[in-house]
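Examining the three-dimensional arrangement
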Amino acid sequence: MAYFAYKGRNAGGQLVEGRLEAATSGAVADVLLGQGVVPVEIRETKAAAKAASGGFNITLGKPKVGHIDLLLFSRQLHTLMKAGVPILRALAGLQESAINPAMKAVIQDVRESLEGGRELSVSLARHPKVFSPFYLSMVRVGEATGMLEEIFLRLFEHLEFERFMREQVKAALRYPMFVVLAMVAAIVIINLFVIPAFAKVFAGFGAELPLMTRILLATSAFFVEGWPYMLVAAVGGVFGFRAWVGTPEGRYQWESIALRFPIAGKIIHKAALARFARSFALGTRSGVPVMQALANSAMTVDNSYIARRIDAMRENVERGESVLRAAITTAIFTPVVLQMVAVGEESGALDEMMEEIGQMYQREVEYELKTLGAQIEPILIVCLGVLVLILALGVFLPMWDLGKAALKR
């Protein structure tokens, strides 16, 4: 998704400026309207990480508010408000008990802003790097409906789901990444140190070497002579890739390609749709209008391609189409999901059906992640086998030929 700088007027007529991440400018406008801000100007800008510092993080070493801090904040605030503790006293207690200095400072600023007469959503919006547009939109809905404590509980469940998904993906990829890195290290060591030692032995044979051996020697010579250029090319490729992915269009293209990866693509796809379904169900169940719920949900999928498809779905609904027909045009949902959407829309229980869809995708993602190692292991074994076969043929074939020549004598 892209970053958009906006200017608008709040209910008091005051000028409000800020930056949001969204799929399109229309999604930004929906979020602002949901926050009670009338947009005056919305323009696409560079990523927030590339500020005036030229892309360098000048706050290196400074503590930041993490996902777990926000998760605990939501849960504890729900518990205190449910117990009847006033919001200001609850925030004061959370500020004293906060372990992270960054989170302590954020809570203090929010509490002081509330004491100044601002609404909670407006006070939280002063920290866009901590509280996402989706989080702020849900808080504003809670303020409007009087269900603020329930909203914080639902936000906690949503954040817990996000944390669970990230941890599952990291755990599933840990073993394959270790094996791949070990293979790369082995290839580098063999080409730089092992094969050059055999090359001196083969040079004394005085005979034509087999094709596989010549390929190994040529590859090793390329590594030995060109490793500085390869290192520069690898570093340049990493920085070039990060710069490309840092642009809105580059990120969109890369994340659309990632969905077509053989094994990981379907996991990324299902995880994104699980986030969408859960956040959409949370929004509609809390009283958020469908258009705004779709715009908010697009910000939670963590995939630019799917975010744009959801935003296109929102535009179709805005033109008068049903949610089902708009979902069909996106071409990102399976027939089973579309059937569930049709039943939910017809029965008036779309939020319940979307919650079921989110749980279904979550179960599928959990299963895929649990079996990820079993799916990748055969591929890794084949790659290791091919590597060992090439080395064995390249090293032992000339020795075998030399032994046969010696026997003939």
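Calculation criteria
Residues numbered from 1 in each chain as written. Predicted model: local features only at pLDDT ≥ 70, side-chain atom pairs only at ≥ 80, totals over all residues. Heavy atoms only, no water. Helix = DSSP H or I, 4+ residues; strand = E, 2+ residues; numbered from the N terminus. Contact = heavy atoms within 4.5 Å. Areas by Shrake-Rupley, 256 points an atom, 1.4 Å probe, with all protein chains shown as cover. Phe/Tyr/Trp six-rings, centres within 6.5 Å; stacked < 30°, edge-to-face > 60°. Lys NZ or Arg CZ within 6 Å of the ring centre and 35° of its normal. Expected span 1.5 Å × (residues − 1). Bend = angle between axes of the 7 residues up to and from the residue. Buried < 20%, exposed > 50% of the residue type's maximum accessible area, 1.4 Å probe, protein only. Patch = residues over 30% accessible without salt bridge, like charges linked within 9 Å, V, L, I, M, F, W, Y side chains within 5 Å. Salt bridge = Lys/Arg side-chain N within 4 Å of Asp/Glu carboxyl O. Axes fitted to C-alpha atoms, helices over the stretch in contact; angles between N-to-C directions. Parallel < 35°, antiparallel > 145°, perpendicular 65-115°, else oblique. Left-handed = near helix turned anticlockwise from the far one by under 90°. Nonpolar A, V, L, I, M, F, W, Y, C, P; charged D, E, K, R; others polar. Core = buried A, V, L, I, M, F, W, Y, C linked by side-chain atoms within 4.5 Å.

**Observations concerning the overall build of the protein chain**
Each helix and strand counted, the protein chain has 16 helices and three strands in total. Taking all contacts inside the protein chain whose residues are at least 6 apart in sequence as the whole, residues at least 24 apart take part in 61%. Total accessible area on the protein chain is roughly 22,300 Å²; 63% of this is exposed by carbon and sulfur atoms.

**What to know about the packing of aromatic side chains**
In total, this model carries 10 aromatic pairs according to the counting rule given. The rings of Phe73, Phe131, Tyr135 and Phe152 are connected pair by pair, giving a single aromatic cluster. Looking at Arg75, its charged tip hangs above the ring of Phe156, at a distance of 5.2 Å from the centre. Taking the ring centre of Tyr252 as reference, the NZ or CZ of Arg308 above it sits at 4.0 Å.

**Overview of helix H8 (residues 211-245)**
Its 35 residues place the ends of H8 only 41 Å apart at the C-alpha level, less than the 51 Å of an ideal helix rising 1.5 Å per residue. Its maximal kink placed at Gly226, H8 deviates by approximately 75°, while the proline Pro228 follows within four residues. When we look at burial in H8, the residues that qualify are Thr213, Leu216, Ser220, Phe223 and Gly226.

**Let's talk about a nonpolar patch on the surface**
Together, Val169, Leu173, Met177 and Leu181 make up an exposed nonpolar region whose accessible area comes to about 340 Å². Along the chain, Leu181 falls in helix H7 (residues 148-203).

**Let's talk about the environment of Ser74**
Mapped onto the elements, Ser74 comes out in helix H2 (residues 67-82). For Ser74, a relative accessible area of 0% corresponds to the buried category. When the C-alpha atoms of Ser74 and Leu159 are compared, they prove to be 8.9 Å apart, with 85 residues separating the residues in sequence. Other than its neighbours up to four places away in sequence, Ser74 contacts Tyr135, Phe152, Phe156 and Leu159.

**Some details on unusual backbone geometry**
Of note, the phi angle at Ala331 is positive, near 60°, even though the residue is not glycine. Tracing the chain through its elements places Ala331 in the loop between helix H13 (323-330) and helix H14 (335-347). Given a relative accessible area of 67%, Ala331 falls into the exposed group.

**Let's talk about the packing of helix H10 (residues 264-285) against helix H12 (residues 304-318)**
Contact geometry of H10 with H12 gives a least axis separation of 11 Å together with a crossing angle of 40°. On the basis of the axis angle, H10 is oblique to H12. Crossing geometry of H10 relative to H12 is assigned as right-handed. Side by side, H10 and H12 meet where His269, Ala272, Leu273 and Phe276 of the first sit next to Ile306, Ile310 and Met313 of the second. Looking at the contact of H10 with H12, its residues break down into six nonpolar, one polar and no charged.

**Points about the side chain of Gln95**
With respect to the helices and strands, the residue Gln95 is situated in helix H3 (residues 87-97). Residue contacts for Gln95: discarding those within four places in its chain leaves Lys104, Ile107, Gln108 and Arg111.

**Points about the packing of H7 against helix H15 (residues 350-370)**
At a minimum axis distance of 10 Å, the contact between H7 and H15 shows a crossing angle of 20°. Relative to H15, the element H7 is oriented roughly parallel. At the point where H7 passes H15, the crossing takes the left-handed sense. Here H7 contributes Phe161, Phe164, Met165, Gln168, Val169 and Ala172 to the contact with H15, which in turn contributes Gln362, Val365, Glu366 and Leu369. By residue class, the composition of the contact of H7 with H15 is seven nonpolar, two polar and one charged.

**Quick word on the nonpolar core**
By size, the foremost hydrophobic cluster in this structure holds 76 residues, and its most contacted members are Phe73, Phe131, Tyr135, Phe152, Phe276, Phe333 and Met354. When residues in this core are grouped by element, the largest group, 11 residues, is from H7. Residues in contact with Phe276, not counting those within four places in the same chain, are Leu294, Ser297, Thr300, Val301, Ile310, Met313, Phe333 and Met354. In terms of nonpolar packing, the next biggest core, distinct from the first, is built from six residues, Phe4, Leu20, Val28 and Leu32 among them.

**Some remarks on the pattern of salt bridges**
Enumeration according to the criterion identifies 14 salt bridges in this entry. One salt bridge in this structure joins Glu150 and Arg154, with 2.2 Å as the shortest N-O distance. Here the residue Glu150 and the residue Arg154 both occupy positions in helix H7, the gap between them amounting to four residues, near one helical turn. The salt bridge partner of Arg163 is Glu160, with a shortest N-O separation of 3.0 Å. You can see Arg163 and its partner Glu160 sitting in helix H7, three residues apart, about one turn around the helix. Overall, Arg163 belongs to the partly exposed group, its relative accessible area being 25%.

Distances and angles like these do not, on their own, reveal function.
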